[in-house]
Amino acid sequence: MLEITACEAGADELASLEVYNTVWPHDAVTIEAVHAYNDSALDHIDYLVREDGVISGSGVGAIFAYRAHRVVTLITVLAGQRRRGAGTALYEAISRWAGERGVRELEVSVASNDPESLSFAQRRGFTEERREVGLVLSLADVSPQQVQLPAGIEIVTWALRPELARGMHEVDLEIHPDIPGFEDVTGESFEDWMAHQMQRPTDSPAATFIALAGEEVIGFAKLSLTAPTAAGHSMTAVKRAWRGRGIARALKATEINWALTNGYTELHTSNEERNTPINRLNARLGYRPGIGQIHLVGPLRA
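Because the structure is predicted, anything quoted here is derived from the model rather than measured. (Residues numbered from 1 in each chain as written. Predicted model: local features only at pLDDT ≥ 70, side-chain atom pairs only at ≥ 80, totals over all residues. Heavy atoms only, no water.)

Enquirer: So what's going on with the packing of helix H5 (residues 165–175) against helix H6 (residues 190–198)? Residues and values would help.
Expert: The geometry of H5 relative to H6 is characterised by a closest axis approach of 11 Å and an angle of 90 degrees between their N-to-C directions. One finds that H5 runs roughly perpendicular with respect to H6. Across from Ala165, Arg166, Met168, His169 and Asp172 in H5, the residues of H6 making contact are Phe190, Glu191, Trp193, Met194 and Met198. When its residues are assigned to classes, the contact of H5 with H6 shows six nonpolar, one polar and three charged. (Axes fitted to C-alpha atoms, helices over the stretch in contact; angles between N-to-C directions. Helix = DSSP H or I, 4+ residues; strand = E, 2+ residues; numbered from the N terminus. Parallel < 35°, antiparallel > 145°, perpendicular 65-115°, else oblique. Contact = heavy atoms within 4.5 Å. Nonpolar A, V, L, I, M, F, W, Y, C, P; charged D, E, K, R; others polar.)

Enquirer: Go over the layout of surface pockets, please, and point to the residues and values.
Expert: Here the idea is plain: a probe the size of a water molecule rolls over the atoms and shows the empty space left. Put simply, the second largest pocket is a space of about 570 Å³. Ile75, Arg82, Glu116, Ser117 and Phe120 are, among the 31 residues lining the second largest pocket, the residues nearest its centre. When residues of the lining of the second largest pocket are traced back to their parent elements, those giving at least two are strand E4 (71–77), helix H3 (86–100), strand E5 (105–111) and helix H4 (115–123). Its residues placed into classes, the lining of the second largest pocket shows 15 nonpolar, nine polar and seven charged. (1 Å grid on protein atoms, 1.4 Å probe; cavity = no way out; pocket = protein on both sides within 12 Å on 5 of 7 lines; lining within 4 Å. Points joined across faces, edges and corners; volume = space filled by probe spheres on them.)

Enquirer: Tell me about the environment of methionine 168, residues and numbers included.
Expert: Along the chain, methionine 168 turns up in helix H5. A relative accessible area of 0% places methionine 168 in the buried class. Sequence spacing of methionine 168 and arginine 84 is 84 residues, and the spatial spacing of their C-alpha atoms is 47 Å. In contact with methionine 168, other than residues within four places in its own chain, are Trp158, Trp193, Met198, Thr208, Ile210, Val217 and Phe220. (Buried < 20%, exposed > 50% of the residue type's maximum accessible area, 1.4 Å probe, protein only.)

Enquirer: Describe the packing of aromatic side chains, naming the residues involved and giving the relevant values.
Expert: Counting across every chain of the model gives seven aromatic pairs. When the centroid spacing of 5.3 Å and the interplanar angle of 75 degrees are considered together, the rings of tyrosine 37 and phenylalanine 64 count as edge-to-face. You can see tyrosine 37 sitting in helix H2 (residues 31–39) and its partner phenylalanine 64 sitting in the loop between strand E3 (54–63) and E4, a full 27 residues away along the chain. On the basis of an interplanar angle of 35 degrees and a centroid distance of 6.3 Å, the ring pair of phenylalanine 190 and tryptophan 193 is categorised as tilted. Of this pair, phenylalanine 190 and tryptophan 193 both sit in helix H6, three residues apart, which is roughly one turn of that helix. One exposure class covers both phenylalanine 190 and tryptophan 193, and it is buried. An aromatic cluster of three or more residues is present, and its members are Tyr37, Phe64 and Tyr66. The aromatic ring of phenylalanine 190 is capped on one face by arginine 166, whose charged end is 3.9 Å from the ring centroid. The cationic tip of lysine 252 hangs over the ring face of tyrosine 287; the distance from NZ or CZ to the ring centre is 5.2 Å. (Phe/Tyr/Trp six-rings, centres within 6.5 Å; stacked < 30°, edge-to-face > 60°. Lys NZ or Arg CZ within 6 Å of the ring centre and 35° of its normal.)

Enquirer: So, the pairing of strand E6 (residues 127–138): which residues are in play, and what are the values?
Expert: As paired elements, E6 and strand E13 (residues 293–299) share five bridges and run antiparallel to each other. Within E13, the position partnered with glutamate 132 by the bridge is glutamine 293. Relative to strand E11 (residues 266–272), E6 runs antiparallel, the two being bridged by seven bridges. By the bridge assignment, glutamate 132 is partnered in E11 with glutamate 272. Where E6 meets strand E12 (residues 288–289), two bridges bridge the pair, whose relative direction is antiparallel. From the neighbouring strand, leucine 135 faces E12, where its bridge partner is proline 289. (Pairing = 2+ DSSP bridges.)

Enquirer: For H2, give the residues involved together with the corresponding values.
Expert: Along H2, the residues classified as buried are Ile31, Ala33, Val34, Ala36 and Asn38. Residues of H2 that are buried make contact with helix H1 (11–23) and strand E2 (43–51).

Enquirer: Can you explain the packing of H1 against H2? Please cite residues and give values.
Expert: In the contact formed by H1 and H2, the axes pass within 10 Å of each other and the chain directions differ by 100 degrees. As summarised for this structure, H1 and H2 are arranged roughly perpendicular, according to the angle between their axes. Each of Glu13, Leu14 and Leu17 in H1 lies in contact with H2, whose residues at this interface are Ile31, Val34, His35 and Asn38. Its residues assigned to classes, the contact of H1 with H2 comprises four nonpolar, two polar and one charged.

Enquirer: Explain unusual backbone geometry to me, using residue names and the numbers behind them.
Expert: Among all residues save glycine, negative phi is the norm, and among peptide bonds the norm is trans. Phi is positive for aspartate 52, which is not a glycine, with a value near 55 degrees. Note on placement: aspartate 52 falls in the loop between E2 and E3. Classification of aspartate 52 as exposed rests on a relative accessible area of 61%. The residue arginine 83 is not glycine, and still its phi comes out positive at about 65 degrees. Mapped onto the elements of the fold, arginine 83 is located in the loop between E4 and H3.

Enquirer: Quick one: what's the story with the pattern of salt bridges, residue by residue and with numbers?
Expert: Counting across every chain of the model gives 26 salt bridges. The residue aspartate 12 makes a salt bridge to arginine 50 at a minimum N-O spacing of 3.8 Å. Of this pair, aspartate 12 sits in helix H1 while arginine 50 sits in strand E2, placing them 38 residues apart in sequence. Of the two residues, aspartate 12 and arginine 50, both sit in the buried class. With a shortest N-O distance of 3.1 Å, glutamate 216 and lysine 239 are connected by a salt bridge. Of this pair, glutamate 216 sits in strand E9 (residues 216–224) while lysine 239 sits in the loop between strand E10 (230–238) and helix H7 (247–261), and the two are 23 residues apart along the sequence. Judged by its relative accessible area of 34%, glutamate 216 falls in the partly exposed class. With relative accessibility at 13%, the residue lysine 239 sits in the buried group. Here the salt bridges do not stand alone but share partners, grouping Arg67, Arg70, Glu105, Glu107, Glu129, Arg130 and Glu132 into one network. (Salt bridge = Lys/Arg side-chain N within 4 Å of Asp/Glu carboxyl O.)

By themselves, these are just geometric observations and shouldn't be taken as functional.
Here it is as structure tokens:
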């Protein structure tokens, strides 16, 4: 007997997170990271599925401003509980939730090493939209990086220069059409961008680095502090007119040095396979292949 319930704050949230971290141990996160994800969404839902009272899986759906016509979905079922209807039940529940909000499209993510989940999605009409390469940098094997910048360029922290937030937003608006798979993304207003992308529990002005040419913000990079000893690169952005001068490398080197100084043991990142420049840069900095993600788009459950 399967039972689907919406998570309530507290024990249910932690149970859902435990399922996620069990199924995705390579990308384990804290409850603060969950709250940050939820805070960045326009609307969200988190379900638990139980079989005879025992939790067997969880499902998350979220609507974001940048693609308000779809629900970003993550369905996780414990390995020993698969092929017993839990995944389908979660798919149905999130489909009902999406339909009630006038949304008719779901985006699901599966790990690149999980052919069973990929097949589950494809059998239900989902088609691949993009693939992201997963990369890991073990900081135990890394020495402090040399930060080399063109003449007249400096890197400062957002903590030191809080007034530069609007300049970072301008960079963000410019670069998104250049990211493979995100060409159609709608940029957020400054106020929404700040709330959804820059002021979450996992964001830190001290771990956000800004490249300046005089007083012009020409690029920025930020870490997402999603786990106690592991952080993720959530953005590396440089204005088109300033690319090809080593600024992105200097920003990432600055992030690595900050992580080393602050006791982190790993850095994670993921980039679309077609994003050749950033993938080459990550390889030169010592990042090694981890587990990637396949993103598929498909219909609601009838």
